[in-house]
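Structural overview for review
Residues per chain, in single letters:
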Amino acid sequence: MAVPTPHEVPEARGAVPLPPGLAELLRARLEGVADEVEAEVRSRVPEYARPGDDLYRKRLRDGVVQALTLFVDHIADPRDNGESIAATYYELGRGEALEGRGLDPLQSALRVGGMHAWRLLGRTAEELGLDSTVVAALGELAFRTVHEVAEAAAAGHAEAQLRSTDELERRRRRLLGLLLSEGPVAVEAVQDLAHQARWPVPRQVAVVALAAAAEQGEEERPLSMAGALVDMESRPPRMLVPDPDRSGRWAGRGFTLALRGRPAAIGPTVPLTEAAQSLRWATRALGLMGRGILPRQGVVRCADHLSTLLLHADEPLLAELRATALAPLDEVSAGQRARLAETLLAWLLSGSNVPDVAARLHIHPQTVRYRLRQLDKLFGDTLHDPGSRLDLVLALRAESLQ
């Protein structure tokens, strides 16, 4: 319940007898009391003081009359549960939520209206000369009435908020599905669905592909990051982040907290309608993380590993390149192959500079020269052909990543 109440709410007025005809007397004065309560609420609760808003004023008036009627009906028949009036307040609370308003104004109106109605009732009690036990019983009944209508309004408000949240999430999932679908994405369709989903349309996005949950049951806990569209049910789970290159976006604590320690791959930043491409590269990078070709833990940015992603874009072709370019190394043992491949890659990348190779590999220059003589016997003139050297660099780079 959104409205604070004591631990125990009176269910009935007990055995205290009420004067015969009291209910009818109060019912005859109901319209006049409703006028005063409505005026008090409008003067004390700013949200209900809306000049020219006839519909809102009618809702307020109907609510006041219904609550007073419920109170009088309880006096006339304690067994009356007031279901129809509770339904009215349920719809009143629901309407507030659907119009984007919180429950506070309605709670304030109930408090103000209830107190003013009780003051008016006290005036009637003085006129009738009712004793204190009767007045106390009426007070309990008044409190019960306010409690019932407040509870009904709170339930309606909560139900509408839940439905509104669920609908918003459905629209955002549809929007994410549209953005990540293969094929052309119509800008007009994106803008229309984004408006329905209350999602500001960014110029650029990046897609984050996430590793599976580390613990059973964690998958159902949605990730949250300001403005991000998230789909935890896809495989792999994904998050579309708007304006990803905004200052500190990836380095911020919010992004780290959103991931909850999951390994993740961040796709390249692309225009909004090309989000599927960012997803494609993020998914590929995540797969390479799982194989140990890219770091297994933490967050990997595709932009920092473009050459590795390019090499593995067509793995059967890469395997063919490795087999062809590095065929001479098949003639040596596995231990020799690893040492010679490491030396050859360092030599090609350092412009054939032996001292640089030695420094890079932390070995003696004479050891480098010895290995280069072995490589020269295996590869021959291939080592000095520009086209072959490029193939060798790509093949050796791929081999070093395995």
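An unreviewed UniProt entry annotates the protein chain as Helix-turn-helix domain-containing protein originating from Streptomyces ferrugineus.

On to the overall build of the protein chain, then. Each helix and strand in the protein chain was counted, giving 15 helices and six strands. Residues counted as buried form 42% of the 402 residues belonging to the protein chain. Restricting to contacts in the protein chain with at least 6 residues of sequence separation, those with at least 24 account for 71%. On the protein chain, roughly 21700 Å² of surface is accessible, and the fraction owed to carbon and sulfur atoms is 53%.

Here the focus is unusual backbone geometry. Most of the time, phi is negative for any residue but glycine, and the peptide bond is trans. In this structure, the amide linkage connecting Arg235 to the following residue, Pro236, adopts the cis form with an omega of 0°. Within the element layout of this structure, Pro236 appears in the loop between β2 (229-231) and β3 (238-242). Positioned with a positive phi, Arg198 is a non-glycine residue whose angle comes to about 55°. Relative to the helices and strands, Arg198 resides in the loop between α7 (187-196) and β1 (204-210). Residues other than glycine seldom take positive phi values, yet Asp243 does so here, at roughly 45°. In this structure, Asp243 sits in the loop between β3 and α8 (253-259).

Here we come to the pattern of salt bridges. Enumeration over the complete set of coordinates arrives at seven salt bridges. Across the salt bridge formed by Arg27 and Glu24, the nearest N and O atoms sit 3.7 Å from each other. Taken together, the residues span about one helical turn, with Arg27 and Glu24 both in helix α1 (residues 22-28) at a distance of three residues. Ionic pairing is found between Glu399 and Arg337, a salt bridge with its closest N-O pair at 2.9 Å.

Right, let's get into the side chain of Ser350. Counting through the fold element by element, Ser350 comes out in the loop between α12 (334-349) and α13 (354-361). What makes Ser350 buried here is its relative accessible area of 13%. Side-chain polar atoms of Ser350 contact the backbone oxygen of Ala346, separated by 2.8 Å.

Attention now moves to helix α15 (residues 386-401). End to end, α15 covers 23 Å across 16 residues, agreeing with the expected 22 Å (1.5 Å per residue, within 8%). Turning to α15, its buried residues number three or more, namely Leu392, Ala395, Leu396, Ala398, Glu399 and Leu401. Summarising the contacts, the buried residues of α15 are in contact with α10 (306-311), α11 (315-325), α12 and α14 (365-379).

Once that is clear, we can look at the packing of α12 against α13. Where α12 contacts α13, the two axes come as close as 9 Å, and the packing angle between them is 130°. When the axes of α12 and α13 are compared, the pair comes out oblique. The way α12 lies across α13 gives a crossing that is right-handed. Contacts from Glu342, Thr343, Ala346, Trp347 and Leu349 in α12 reach Val357, Arg360 and Leu361 in α13. Its residues assigned to classes, the contact of α12 with α13 shows five nonpolar, one polar and two charged.

What counts as what
- Residues numbered from 1 in each chain as written.
- Predicted model: local features only at pLDDT ≥ 70, side-chain atom pairs only at ≥ 80, totals over all residues.
- Heavy atoms only, no water.
- Helix = DSSP H or I, 4+ residues; strand = E, 2+ residues; numbered from the N terminus.
- Buried < 20%, exposed > 50% of the residue type's maximum accessible area, 1.4 Å probe, protein only.
- Contact = heavy atoms within 4.5 Å.
- Areas by Shrake-Rupley, 256 points an atom, 1.4 Å probe, with all protein chains shown as cover.
- Salt bridge = Lys/Arg side-chain N within 4 Å of Asp/Glu carboxyl O.
- Polar contact = N/O pair within 3.5 Å; in protein donor to acceptor, adjacent residues only side chain to side chain.
- Expected span 1.5 Å × (residues − 1).
- Axes fitted to C-alpha atoms, helices over the stretch in contact; angles between N-to-C directions.
- Parallel < 35°, antiparallel > 145°, perpendicular 65-115°, else oblique.
- Left-handed = near helix turned anticlockwise from the far one by under 90°.
- Nonpolar A, V, L, I, M, F, W, Y, C, P; charged D, E, K, R; others polar.

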